[in-house]
Amino acid sequence: MTTLRPFDVMDLFKFNNVNLDINTETYGFQFYLHYMVNYPEYYQVAEHPNGQIMAYVMGKIEGRETEWHGHVTALSVAHDYRRLGLAAYMMEFLEKTSEARKAYFVDLFVRISNTVAISLYEKLGYVVYREIIGYYTGDRDENAYDMRKSLSRDPEKIAMIPLGFPVHSRDVD
């Protein structure tokens, strides 16, 4: 049976199988530790009975006033464990955590070429709020979609009204 639990520092040595996907952004050790220390309630893993990490989500809470929101920094499911509903569960976890923190919405950034993820997020109620030009840099330069889903604190779904024009990554907080 799959165990869903908070991320532990030792997981940093066990989650490479999840990060092998071309669409998963990987970060330095310090980055992951920063999230563990500052946003532990937003960091969750799904662990197989054999101890292998099946999936993880990491996020944070940020913003001010009506921009107070949960942010999905990374969500990834290991190839062998896809199509089991783990990504949807991880997103629900992060949304509930954001609701508890009285956030107005949850947002995430996704490569515009990652149609599988975009489709999943749309099924979960997210909409493309805006396109961010030059968000991803490195081996695969690419634009991103900023996708959003309003929470109960935003009953009119104002946070989900599309911006209507792209913005440059340098102009994104």
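Conventions used here
Residues numbered from 1 in each chain as written. Predicted model: local features only at pLDDT ≥ 70, side-chain atom pairs only at ≥ 80, totals over all residues. Heavy atoms only, no water. UniProt positions renumbered as here; feature names shortened; annotations may be inferred. Pairing = 2+ DSSP bridges. Helix = DSSP H or I, 4+ residues; strand = E, 2+ residues; numbered from the N terminus. Contact = heavy atoms within 4.5 Å. Axes fitted to C-alpha atoms, helices over the stretch in contact; angles between N-to-C directions. Buried < 20%, exposed > 50% of the residue type's maximum accessible area, 1.4 Å probe, protein only. Arc of directions from axis to C-beta. Core = buried A, V, L, I, M, F, W, Y, C linked by side-chain atoms within 4.5 Å. Phe/Tyr/Trp six-rings, centres within 6.5 Å; stacked < 30°, edge-to-face > 60°. Lys NZ or Arg CZ within 6 Å of the ring centre and 35° of its normal.

Naming follows an unreviewed UniProt entry, where the protein chain appears as N-alpha-acetyltransferase 20 of Caenorhabditis tropicalis. For the protein chain, the Subunit (unreviewed entry) comment in UniProt is given as "Component of the N-terminal acetyltransferase B (NatB) complex which is composed of NAA20 and NAA25."

Student: Which residues make up the sheet that holds strand 2 (residues 43-47), and what are the values?
Tutor: Taken in spatial order, the 8 strands make up an open sheet running 1-2-3-4-5-7-6-8, and their pairing is mixed. What marks the edges here is a single partner per strand, and that holds for strand 1 (3-6) and strand 8 (167-168). Pairing geometry for strand 6 (residues 127-136) and strand 7 (residues 142-150), over 6 bridges, is antiparallel. Across the sheet, the residue bridging to Ile-132 is Ala-144, located in strand 7. Packed on one face of the sheet, helix 2 (residues 29-38) meets strand 2, strand 3 (53-62) and strand 4 (69-77) and runs near 65 degrees to strand 3. Set on the sheet, helix 4 (residues 115-123) makes contact with strand 4, strand 5 (105-111) and strand 7; between it and strand 5 the angle comes to about 160 degrees.

Student: Summarise helix 4; cite the residues concerned and give the values.
Tutor: Among the residues of helix 4, Ala-117, Ile-118 and Tyr-121 are the ones counted as buried. Axial view of helix 4: buried residues confined to an arc of 100 degrees, hence all on one face. Facing away from the buried side of helix 4, by more than 90 degrees, are the exposed residues Thr-115, Val-116 and Lys-123. Considering only its buried residues, helix 4 is in contact with strand 4, helix 3 (86-100), strand 5 and strand 7. A positive backbone phi angle near 100 degrees is found at Gly-125, which sits one or two residues after helix 4.

Student: So what's going on with the nonpolar core? Which residues, and what values?
Tutor: In this structure, Tyr-43, Tyr-56, Val-72, Leu-75, Leu-108 and Tyr-121 are the most contacted members of the largest nonpolar core, which totals 41 residues. For this core, the element with the most residues is strand 3, which contributes 7 residues. Residues within four places of Tyr-121 in sequence aside, it is in contact with Leu-75, Met-91, Leu-108, Val-110, Tyr-126 and Met-147.

Student: Explain the environment of Ala-88 residue by residue, including any values.
Tutor: Mapping Ala-88 onto the fold places it in helix 3. In this structure the C-alpha to C-alpha distance between Ala-88 and Leu-120, which are 32 residues apart in sequence, comes to 7.8 Å.

Student: Can you break down the packing of aromatic side chains residue by residue, with the values?
Tutor: The full count for this structure, using the stated rule, is 11 aromatic pairs. The interplanar angle of 70 degrees and the centroid separation of 5.7 Å between the aromatic rings of Phe-7 and Phe-15 together place this pair among those described as edge-to-face. A residue is classified by how much of its surface remains accessible, and Phe-15, at 3% relative accessible area, is buried. Consider the rings of Phe-31 and Tyr-32, whose centres lie 6.3 Å apart with planes at 85 degrees: the pair is edge-to-face. On the basis of relative accessibility, which here comes to 3%, the residue Tyr-32 falls in the buried class. Among the aromatic residues, those joined into a ring-pair cluster are Phe-7, Phe-15, Phe-31, Tyr-32, Tyr-35, Tyr-39, Tyr-43 and Tyr-56. Taking NZ or CZ as reference, Arg-111 lies 4.3 Å from the ring centre of Tyr-136, over its face.

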